[in-house]
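Examining the three-dimensional arrangement
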Amino acid sequence: MPLLNKTTSGASGATSSTLTRLRVALTVFFALDGFVFAGWVVRIPAIKEQTGASASELGLALLGVSAGAVVTMTLTGRLCTRFGSHPVTVVCGVLMPLSVALPPLTHSALSLGLVLLLFGAAYGGINVAMNSAAVDLVRALRRPVMPSFHAAFSLGGMIGAGLGGLVAAHLSPTRHLLALTVIGLLVTAFAAPTLLRYDAPVTPAGDAGDARSGDRAPRRADRGLRGTQGLVLVFGLVALCTAYGEGALADWGALHLEQDLDAHPGIAAAGYSCFAFAMTIGRLSGTTLLERLGRTRTVVGGGILATAGMLLGALAPSVGVALVGFAITGLGLANIFPVAVERAGALAGPSGVATASTLGYGGMLLGPPAIGFMADWFSLPVALTSVAVLAAVAAGIGAATGRVSSAVRPTEERSAEERSAEERPSVDDESGRASATEAGSATRTC
């Protein structure tokens, strides 16, 4: 087995138990991220009442989360490159729980917006840092386990939202979010030592090549760099298309069920739950799908499935059919975003993760207002079909870039057999053979 890692004491060599510990620690951070963010979201109505903000003032204050996240994501990519993704993940894992306790201390929309800038900065930072760390671990494990990390985020979000709903009637926002701070710091204290003890896993040049050193293919260095930058943007666009759907369904799904299909408010609220639960199930099975189908088929198939599901959900004649459509959409979109972020990170390191995450987060911000404008111009069901359109765009991009991404992907991901047979006709043929190689490696590393 190659020497993939170093401990801080200088002892080299990452055993399978080391990689397992790293995977567990990163999974904990992903779950913590979803848990804390969902806990904050369910208390937004109470914070609105506390600050006395109007709907428009609250909307402007909430932009603080988005602004802080977008600004910080690019900076975090640079910090990960300089200091390593593991320490940056730990620092952000401390800052995010601390910052979530601040909103209940505010008493105006302006002060709320300012503290949400801090919360958004920590939230954006931990997303880039832990995804960067996950990309390195996926490469070391040689298995497409990225969806499992995002499944942990989804599960954490579902638990955070569920517990938040249960305690909302019994705890004030101040006590609730302070409890999230305490829980978050305890969880970080539990998972941080593993990340701080071990450096991010790397693949030695003698084993599979070092993408960053450029020693493998100097003739193609410039061409590969340009191709890599372009592909990172393309994968970011794929992430945007997926996140657009998540944002749109989160904000407009319940209203569509209640307003257009006369659903009871309780049933309408279950619309997003169906979507989120199906997405979680899809991500839990994502590694198996990727190993069997390859990335290209997974993205294309998921995009097609999400397109069909959202058309069904948006244009359904009854509530039951719409809920089925939302669930199908969640299954389809589940693994597209993790694959896009992992590919961007594998191609360009933390800066690639930052670019894809920023574009993806931009899609989540773009979705709700875009749906609102289109609903005014046409109708809400027609507006929601834009989610299907962008899912189809993601599928088309996945199909079109499959061959290109295999041509310029990092050297450490290309086996000797692949490099000797570059002119293969199909990227999915590569994925099938790569799966067999990855499965063999997995028995040694996890």
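Reading the values: the criteria
Residues numbered from 1 in each chain as written. Predicted model: local features only at pLDDT ≥ 70, side-chain atom pairs only at ≥ 80, totals over all residues. Heavy atoms only, no water. Phe/Tyr/Trp six-rings, centres within 6.5 Å; stacked < 30°, edge-to-face > 60°. Helix = DSSP H or I, 4+ residues; strand = E, 2+ residues; numbered from the N terminus. Buried < 20%, exposed > 50% of the residue type's maximum accessible area, 1.4 Å probe, protein only.

As a further point, take the packing of aromatic side chains. Summed over all chains, the structure comprises seven aromatic pairs. Centre to centre, the rings of phenylalanine 37 and phenylalanine 119 are 6.2 Å apart; their planes meet at 5 degrees, and the pair counts as stacked. Linking phenylalanine 37 in helix α1 (residues 16–41) with phenylalanine 119 in helix α5 (residues 109–141), this pair joins segments that are 82 residues apart in sequence. On the accessibility criterion, phenylalanine 37 (22% relative accessible area) is partly exposed. By relative accessible area, phenylalanine 119 is classed as buried at 0%. Here the aromatic rings of tyrosine 123 and tyrosine 361 are separated by 6.2 Å at their centres, their planes lie at 55 degrees, and the arrangement is tilted. With a gap of 238 residues between them, tyrosine 123 in helix α5 and tyrosine 361 in helix α13 (residues 336–377) connect regions that are remote in the sequence. Tyrosine 361 matches tyrosine 123 in its accessibility class, with the two residues each being buried.

Below, the discussion takes up unusual backbone geometry. Despite not being glycine, arginine 142 shows a phi value in the positive range, around 55 degrees. Mapped onto the fold, arginine 142 is located in the loop between α5 and α6 (146–167). Taking relative accessible area as the criterion, arginine 142 reaches 25% and is therefore assigned partly exposed. Look at aspartate 262: it is not a glycine, yet its phi comes out positive at around 60 degrees. Looking at the secondary structure, you find aspartate 262 in the loop between α9 (221–260) and α10 (265–284). For aspartate 262, a relative accessible area of 68% gives the class exposed.

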